[in-house]
Amino acid sequence: MTSLPIRFTENLRNFDIALEDAALNYLMSMLEVMSTSDAAPDIARVRESTEMFLDDAEVDPQRVDEFYRALDAGARESKQPSQASGPPSDAPIAPPVATKPLSAVEARRQKRAQKAAAAGAAISTASPSAEPAVVATSQQSRFHKETLSTLSRDIDMHTVNISVNDLDLLVDAHLRLKEGGTYGLVGQNGVGKTVLMKCMAEDILAMPNNLQILHIAQLETFDESATALASVLEADKKSMDGLREYEELHAVLGADSTAAVASRSNTPRLNVVIHKILLSRLAATLATARQLAIKRSGQRGHEARQRQVHLEADISPPRMTTEIITDVVDKYALIDLESKRATARKILRGIGFMEREVDAPIGTLSGGWRMQVALAKSLFLRPDVLLLDEPTNHLDLPAILWLQEYLKTEVDGVTLVVVSHDREFLDNVTEETIIFRDKTLIYHAGNFSDYVQNTEEQRVRKQALYDVQEKKRARIVGSIQRNIQQARATGDDKRLGQVASRKKKLDRLGMEKTEDGKRFKVSYWAGYHVSARAQIEIDRGVKTASLKVPEPEPLRYSGPVLTLKDASFRYPGQPNDVIKQFSMDIRPGVRIAFLGPNGCGKTTLLNLLTGVTRPTAGEVYHHPRLRIGYFSQHVVDSLNLSRTPIAEMIARHRGVTEQECLEANGTGVAFALVLYDAPHVLVLDEITNHLDMGTVREVGGGAARFSGALVLVSHDLWFLRGLVEGEGEDEEAEGTRREREGNLCYMLSAGVV
């Protein structure tokens with residue numbers, strides 16, 4: 001018996017009906033389910049489920065009827081038994097089943113559902129590795145200054161628009177960067193800060209040609225087999241490309257790479273090398289020509305497009321082999337490779353690399369040292385614009401302090417743009433703040449803390465103005481209503497004149513001064529407006545989900561709930577202890593922080609406290625009813641990304657209801673899993689990594705209100721001060737501020753606490 005999906009496909013081919021691949025895939029899966037659930041699917045049910053797809057393909061209704069009659073006839077033929085065991089061949093055939101026509105409402109509802117299903121099938125069949133389509137445009141200047149090399153290193157671009165897969169990130173924004181300025185770019189996660197930096201660095205946005213822009217990405221990728229020295233040298237792409245061309249020619253021609261030798265050694269191998277060099281140079285020249293053709297208009301644009309067409313047709317430029325060889329050798333002579341290596345080595349040693357680490361493969365370095373290699377590139381290259389995307393992630397406190405000092409002293413004259421959620425770091429290295437919010441860019445002349453303080457002052461001032469205005473509005477409206485009533489009762493037309501005067505006064509309510517303190521005038525306010533003055537707009541800020549840490553069950557015990565006594569730990573096969581004879585007591589309500597460089601044993605110590613590992617010497621005691629919540633650095637990696645947040649919660653905690661999952665997931669999936677059991681001791685290992693400032697503030701506030709014990713490892717000084725020292729808490733709030741005598745801060749170094 002032929003299956004229903006196969007018969008349906010054959011009928012489509014016989015009737016010459018072409019459906020989109022996504023719709024066809026969805027139909028095949030749906031018909032397969034129907035054929036497995038029903039032994040003999042009714043043709044009326046099949047037509048009801050599939051007819052809308054034929055209508056979308058604009059198939060004639062008469063052909064649609066013939067299509068389903070043929071499909072029904074094929075189904076009956078496939079169900080007929082063989083001649084040896086079945087009835088005679090002249091048995092009567094039942095007439096086709098008449099299908100009940102759908103009502104207009106049912107047809108529209110079914111069409112919408114099937115279109116949505118087809119769209120979902122298209123999404124599911126799309127390649128997950130497809131690169132998102134990034135489109136970035138800006139207003140072009142009249143004389144195409146973006147395409148010309150000038151002495152100015154300022155960036156001033158109007159009407160900047162950026163979209164990713166038709167999702168707008170920036171709409172008519174103004175991008176303004178002054179030469180030598182230091183800017184902090186802030187905004188919620190996902191608004192498009194990284195995409196904006198990528199558009200600037202990769203020339204997706206029409207940046208000025210004379211600017212050299214270096215982008216150190218949040219997830220900087222390296223060749224794991226390359227050394228730190230080689231990675232820094234690769235930053236100078238022009239010199240390295242010239243060096244590679246010379247090495248390829250040198251491998252063919254030997255030490256005597258001269259034109260005379262080349263003319264006698266015009267072998268096929270040499271031709272391959274010359275052709276490869278020509279193609280790489282032509283590709284770079286063609287890419288530049290395409291950019292100019294896109295950016296320029298008028299006569300200059302016509303000339304640029306003509307050059308682009310000429311280069312596209314010029315696949316094999318008629319240049320002599322000797323000219324190419326001479327050009328490569330001349331460029332190599334100008335590259336002082338030993339001097340560049342000495343400079344790169346000096347920079348790496350200056351930022352803390354040992355001599356053996358300079359020549360060590362990148363794969364052997366930790367995340368903090370890799371970030372220092374990326375920063376060494378900026379020292380080596382000296383770009384005009386340096387873009388740093390989350391440079392402090394995975395850096396320890398000494399490395400953050402080094403980076404902070406480096407950015408303050410070593411980048412004079414370089415325009416610096418930093419994306420970071422470490423408030424202390426951002427305040428120390430930036431002088432201006434760019435707020436990426438509501439698909440636009442807002443500029444503030446000051447660091448982030450100054451912006452927060454100024455915004456709060458403006459909010460309080462405008463709230464007071466708004467309250468006064470609303471009281472005035474209520475009095476005026478009341479006066480208008482009374483005058484109207486009296487005019488109707490007495491027939492006094494003068495009252496109506498007063499009503500008109502009050503209405504004009506009501507229309508003039510609003511901002512009495514502009515943002516810069518000048519008296520408001522209508523001439524300042526361009527465009528069409530429904531009122532005579534701008535209304536008072538209060539900045540409510542970005543709403544961040546509040547975090548509530550559940551209160552633990554009382555243990556009814558006043559002593560230490562967790563104790564380490566002379567605990568040591570050594571990894572198998574290692575000669576030295578990572579933790580050496582450390583003792584501590586953890587009591588309810590205490591705040592304890594561990595600080596130290598990467599690799600000193602902070603995470604190992606937390607694993608001992610939480611029972612993930614056992615000490616090789618010493619003992620660990622804890623209360624028998626003690627519950628510990630451990631947020632490790634890799635807790636997010638343990639999540640099953642194919643599940644929904646609710647499904648992940650139910651899989652981890654059997655018996656939990658969907659409503660409980662919804663309430664818990666307000667804190668984030670990973671943190672909700674840690675907090676679900678209401679722990680008595682909360683252990684947080686680098687929880688602020690990859691969180692935006694609003695979320696860090698909420699996490700800090702929720703942890704500060706937690707009545708249990710808190711153990712922290714973090715390199716965010718602002719976050720640590722708020723929890724350990726209590727900075728930023730309301731001193732008058734009952735139950736919020738705690739006694740700080742028992743709070744401790746431990747320093748780890750080489751296993752010693």
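This text follows the structure it describes.
Residues numbered from 1 in each chain as written. Predicted model: local features only at pLDDT ≥ 70, side-chain atom pairs only at ≥ 80, totals over all residues. Heavy atoms only, no water.

**Student:** Explain the nonpolar core to me, and be specific about the residues and the numbers.
**Tutor:** I216, L348, L386, L388 and L407 are the most contacted members of the largest nonpolar core, which has 45 residues in total. The biggest single contributor to this core is helix α15 (residues 367-381), with eight residues. Formed by 31 residues, the second largest nonpolar core is a distinct cluster that contains A593, L639, L682 and F719. (Core = buried A, V, L, I, M, F, W, Y, C linked by side-chain atoms within 4.5 Å. Buried < 20%, exposed > 50% of the residue type's maximum accessible area, 1.4 Å probe, protein only. Helix = DSSP H or I, 4+ residues; strand = E, 2+ residues; numbered from the N terminus.)

**Student:** Give a detailed account of the packing of helix α24 (residues 693-704) against helix α25 (residues 717-725), specifying residues and quantitative values.
**Tutor:** Contact pair α24 / α25: the axes reach a minimum separation of 9 Å and the direction vectors enclose 20°. With respect to α25, the element α24 is oriented roughly parallel. For the element pair α24 and α25, the recorded crossing hand is right-handed. Contacts between α24 and α25 pair V696, R697, V699, G700, A703 and A704 from the former with W718, F719 and L723 from the latter. (Axes fitted to C-alpha atoms, helices over the stretch in contact; angles between N-to-C directions. Parallel < 35°, antiparallel > 145°, perpendicular 65-115°, else oblique. Left-handed = near helix turned anticlockwise from the far one by under 90°. Contact = heavy atoms within 4.5 Å.)

**Student:** Which residues make up the packing of helix α18 (residues 448-490) against helix α19 (residues 493-507), and what are the values?
**Tutor:** Close contact between α18 and α19 brings their axes to 9 Å; oriented N to C, the two are set at 160°. For the element pair α18 / α19, the angle class is roughly antiparallel. In the packing of α18 onto α19, the handedness of the crossing is left-handed. Here R473, I476, V477, S479, I480, N483, I484, Q486 and A487 of α18 come into contact with α19, specifically with R495, L496, Q498, V499, R502, K503, K505 and L506. Along the lines of polarity and charge, the residues of the contact of α18 with α19 split into eight nonpolar, four polar and five charged. (Nonpolar A, V, L, I, M, F, W, Y, C, P; charged D, E, K, R; others polar.)

**Student:** Residue-level account of the pattern of salt bridges, with values.
**Tutor:** Overall, the coordinates contain 13 salt bridges when judged by the stated rule. Taking the shortest distance from any N to any O, the salt bridge between E355 and R345 comes out at 2.6 Å. Taken together, the residues span a long stretch of sequence, with E355 in helix α14 (residues 355-358) and R345 in helix α13 (residues 337-350) at a distance of ten residues. Of the residues examined, R345 reaches a relative accessible area of 25% and is grouped as partly exposed. The partner of E424 in a salt bridge is R721, and the shortest N-O contact between them spans 2.9 Å. Here E424, found in helix α17 (residues 423-429), pairs with R721, found in helix α25; they are 297 residues apart in sequence, far enough to count as distant. Taken together, the shared-partner salt bridges in this structure form one network comprising R153, E179 and D384. (Salt bridge = Lys/Arg side-chain N within 4 Å of Asp/Glu carboxyl O.)

**Student:** Lay out the sheet that holds strand β10 (residues 562-569) with the relevant residues and their values.
**Tutor:** Across the sheet, which stays open at both edges, the three strands sit in the order β11-β10-β13 with antiparallel pairing between neighbours. Two strands close off the open sheet at either side, each with one partner strand: β11 (579-586) and β13 (617-622). Between one strand axis and the next, the sheet turns through 10° on average, direction left out of account. Contacting β10, β11 and β13, helix α20 (residues 602-610) crosses the sheet at an angle of about 50° to β11. (Pairing = 2+ DSSP bridges.)

**Student:** Could you give an account of the environment of S583, naming the residues involved and the relevant values?
**Tutor:** Residue position: S583 is located in strand β11. For the pair S583 and T563, spaced 20 residues apart in sequence, the C-alpha to C-alpha distance is 7.3 Å. Not counting chain neighbours up to four residues away, the residues in contact with S583 comprise L564, K565 and D566. Reaching out from S583, the side chain makes a polar contact with the backbone nitrogen of D566 at a distance of 2.7 Å. (Polar contact = N/O pair within 3.5 Å; in protein donor to acceptor, adjacent residues only side chain to side chain.)

**Student:** Now, about unusual backbone geometry: what can you tell me, with residues and values included?
**Tutor:** The phi dihedral of N165 is positive, around 50°, even though this residue is not glycine. Mapped onto the secondary structure, N165 falls in the loop between β2 (155-164) and β3 (167-177).

**Student:** Tell me about the sheet that holds β2, and name the residues and values.
**Tutor:** Read across the sheet, three strands follow the order β1-β2-β3 without closing on themselves; strand pairing throughout is antiparallel. The sheet terminates laterally at β1 (134-137) and β3, the two strands that pair on one side only. Neighbour-to-neighbour, the strand axes of the sheet open up by a mean angle of 20°, direction not taken into account. Where helix α6 (residues 193-201) meets the sheet, it contacts β1, β2 and β3, and its direction lies at approximately 120° from that of β2.

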